[in-house]
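# Remarks on the overall topology
Residues per chain are reported as follows:
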Amino acid sequence: MAGVTEADFLLAQRGATQEFGGWVVAAIFDRAGRLGFALADGTLRIGDITAEAHDGAILSACADAKGGFLTGGDDGRLVHTAPDGTVTQIQKFGSKWVDHVAAHASGVRAASVGKFAHVLDESGKVMKSLPHPSSVGGLAFDAKGKRLAVSHYGGASLWFVAAKEDKPKLLEWKGSHHAIAFSPDGTHVVTAMQETALHGWRLADGQHMRMSGYPAKTHSISFSSRGRWLATSGAESVVLWPFFGGGPMGKAPTELAGGDEVLCSAVACHPQHEVVAAGFSDGMVLMAEVASGKVVPVAPPRDSAITTLAWDAAGTRLAFGTEAGFAGFVDLSQR
């Protein structure tokens, strides 16, 4: 950002950093607000604790259903790590990779292994194994934890977790679909595709929503707290699609914090306000207010792409990590 010195970034004023020396797969705040970093070397770092969660790489991570952290690895294991670093294997899926994980505060969990999305209860028991036409590209529970959306080649499948008969609602669209998200009110599902585009479905009537024009593949998508905006990576700015007044079709997206010819690599919307955090391929992190476009610098460039961003539930702490293993957080509650 032109004219901004390193001292102007929030990281220098109210932040803390760590150097892990390897790819940060995910920054995660658990249900109690404890911060963990899942690394590609198979470890989970929680403060000064190093938990050996996997014999191999961590491929996916999220806050677990009731506390602590849930991770899937290329060792075929689904693992819970407690805040004190205690590692407990939940399931072992042979030699197949656990590519994606998801969990809801109600206690339900999901893990994808190849073409199957496995739904597990709070005890770790597999309640059902849901088949798909190709390898699963992403998992997402709705806000109530009652539906599971699964992306794959040809679109997405929508499952009711507690259904006696497992028959999905198919959301079809040609191509390979990866990152997936429910809108907060559960009325829309959106995927990021292998091609440089997004696709969405309005669940009430199946209306398609195609969002294209990106110079690069979108890896990160995030709905604003009330579902009015969908923030996305994949361009030289933060691209936000309007999901109000009839949805994004026929409307131009809003673009924030662009102009430096550096791709946005990660986004995370604030849990209460219409503010989006964004990370870029040069390592810069910023926050932008949607209404005004005002930008607040968070972390300066470090020549390594931001791979993950996460807010705590209160929206007072923002954590990030990079490809090279640099990670940190800023505390916005400080005066």
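Counting restarts for each chain, with residues numbered from 1 along the sequence as it is written. Confidence filtering applies because this is a predicted model: local features only for residues at pLDDT of at least 70, side-chain atom pairs given and counted only at 80 or more, and all residues used for totals across whole chains, interfaces and linings. In computing side-chain values, all of the structure's heavy atoms are included and hydrogens and water are not.

## Structural notes on the sheet that holds strand β14 (residues 138-141)
- Strand pairing requires that DSSP identify at least two bridges connecting the strands. Here a helix means four or more residues in a row that DSSP labels H or I, a strand means two or more in a row labelled E, and each is numbered from the N terminus. Spatially, six strands are ordered β14-β15-β16-β17-β18-β19 in an open sheet, and the strand pairing comes out antiparallel. Every interior strand has two partners, whereas the edge strands, β14 and β19 (207-212), have only one. Ignoring strand direction, the axes of neighbouring strands in this sheet form an average angle of 45°.
- Sheet topology note: the strand β16 (residues 169-182)/strand β17 (residues 188-193) ladder contains four bridges and is antiparallel. Each bridged residue has a counterpart across the sheet, and for His177 the counterpart in β17 is Met193. To obtain each axis, a line is fitted to C-alpha atoms, and for helices this fit is confined to the stretch in contact; angles are then taken between N-to-C directions over 0 to 180 degrees.

## Here's the deal with the pairing of strand β10 (residues 100-103)
- Across four bridges, the pairing between β10 and strand β11 (residues 109-113) is antiparallel. If you follow His100 over to β11, its bridge partner there is Ser112.
- From the end of β10 to the start of β11, which pair antiparallel, there are five residues, and Gly107 there has a positive phi angle of about 120°.

## Structural notes on unusual backbone geometry
- Its identity as a non-glycine residue notwithstanding, Ala257 has a phi of 55°, on the positive side.
- Considering the arrangement of structural elements, one finds Ala257 in the loop between β23 (254-256) and β24 (264-269).
- One non-glycine residue, Asp303, lies in positive phi territory at about 65°.

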